[in-house]
Amino acid sequence: MPQRPRGIILSMSDSAHDPDMTHEQKLRDQFLRAEHSTEADAAPRIEVTEHDGNVRIDVADTAAVRPGPGPGVDGADDPADAPRSD
């Protein structure tokens, strides 16, 4: 019986273990390590706020990709028209 090729084991980069880097710096470093990546790939995609002990997570207005149906799909609304309650 022929052997199946073994999978490639990916290790975390050295920066993942750098105690001098913040969590945000480590994430940015990981996003920028990918081939053909740009600064836009490392841009924040969510906004986290806390009010009176409640945490709110919103998709950033600057996010290139947003959840939900895309343009031209039935049920898709224009994101600019969507009400926000900040």
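All of these numbers come straight from a predicted model, not from anything done at the bench.

1. Describing the overall build of the protein chain
Then, in step 1: Assigned secondary structure in the protein chain consists of one helix and two strands.
Then, in step 2: Seen in sequence order, the protein chain has helices and strands lined up from the N terminus as α-β-β.
Then, in step 3: Looking at the protein chain as a whole, 8% of its 86 residues are labelled buried.
Then, in step 4: By sequence separation, contacts in the protein chain at least 24 residues apart represent 8% of the contacts at least 6 residues apart.
Then, in step 5: As displayed, the protein chain offers around 8,200 Å² of accessible surface, 54% of which is attributable to carbon and sulfur atoms.

2. Brief notes about a nonpolar patch on the surface
Then, in step 1: Taken together, Ile46, Val48, Val55 and Ile57 make up a surface patch of nonpolar side chains, about 390 Å² in accessible area.
Then, in step 2: Contributing elements (two or more residues each) for the nonpolar patch: β1 (46–51) and β2 (54–59).
Then, in step 3: Topologically, Val48 is positioned in strand β1.
Then, in step 4: Overall, Val48 belongs to the exposed group, its relative accessible area being 52%.

3. What about unusual backbone geometry?
Then, in step 1: We note that His36 has phi near 65°; this positive angle belongs to a residue other than glycine.
Then, in step 2: One can find His36 in the loop between α1 (23–33) and β1.
Then, in step 3: On the basis of relative accessibility, which here comes to 72%, the residue His36 falls in the exposed class.
Then, in step 4: At Asp52, a position not held by glycine, the phi torsion is positive, near 55°.

4. Some remarks on the confidence of the model for the protein chain
Then, in step 1: Of the residues in the protein chain, 66% have a pLDDT of 70 or more, and the chain-wide mean is 74.
Then, in step 2: Across the protein chain, β2 holds the top mean pLDDT of 93, while α1 sits lowest at 86.

5. A closer look at the side chain of Asp58
Then, in step 1: Topologically, Asp58 is positioned in strand β2.
Then, in step 2: Polar contacts involving the side chain of Asp58 include one to the side chain of Arg56, which spans 2.7 Å.

6. A look at the pairing of β2
Then, in step 1: Pairing analysis gives six bridges linking β1 to β2, with the strands arranged antiparallel. By the bridge assignment, Glu47 is partnered in β2 with Asp58.
Then, in step 2: If you look at the hairpin formed by β1 and β2, you'll find two residues sitting between the two strands, and Asp52 has a positive phi there, around 55°.

7. Focus: the environment of Gln25
Then, in step 1: Tracing the chain through its elements places Gln25 in helix α1.
Then, in step 2: For the pair Gln25 and Ala42, spaced 17 residues apart in sequence, the C-alpha separation works out to 9.7 Å.

Basis of the calculations
- Residues numbered from 1 in each chain as written.
- Predicted model: local features only at pLDDT ≥ 70, side-chain atom pairs only at ≥ 80, totals over all residues.
- Heavy atoms only, no water.
- Helix = DSSP H or I, 4+ residues; strand = E, 2+ residues; numbered from the N terminus.
- Buried < 20%, exposed > 50% of the residue type's maximum accessible area, 1.4 Å probe, protein only.
- Contact = heavy atoms within 4.5 Å.
- Areas by Shrake-Rupley, 256 points an atom, 1.4 Å probe, with all protein chains shown as cover.
- Patch = residues over 30% accessible without salt bridge, like charges linked within 9 Å, V, L, I, M, F, W, Y side chains within 5 Å.
- Salt bridge = Lys/Arg side-chain N within 4 Å of Asp/Glu carboxyl O.
- pLDDT = per-residue confidence, 0-100.
- Polar contact = N/O pair within 3.5 Å; in protein donor to acceptor, adjacent residues only side chain to side chain.
- Pairing = 2+ DSSP bridges.

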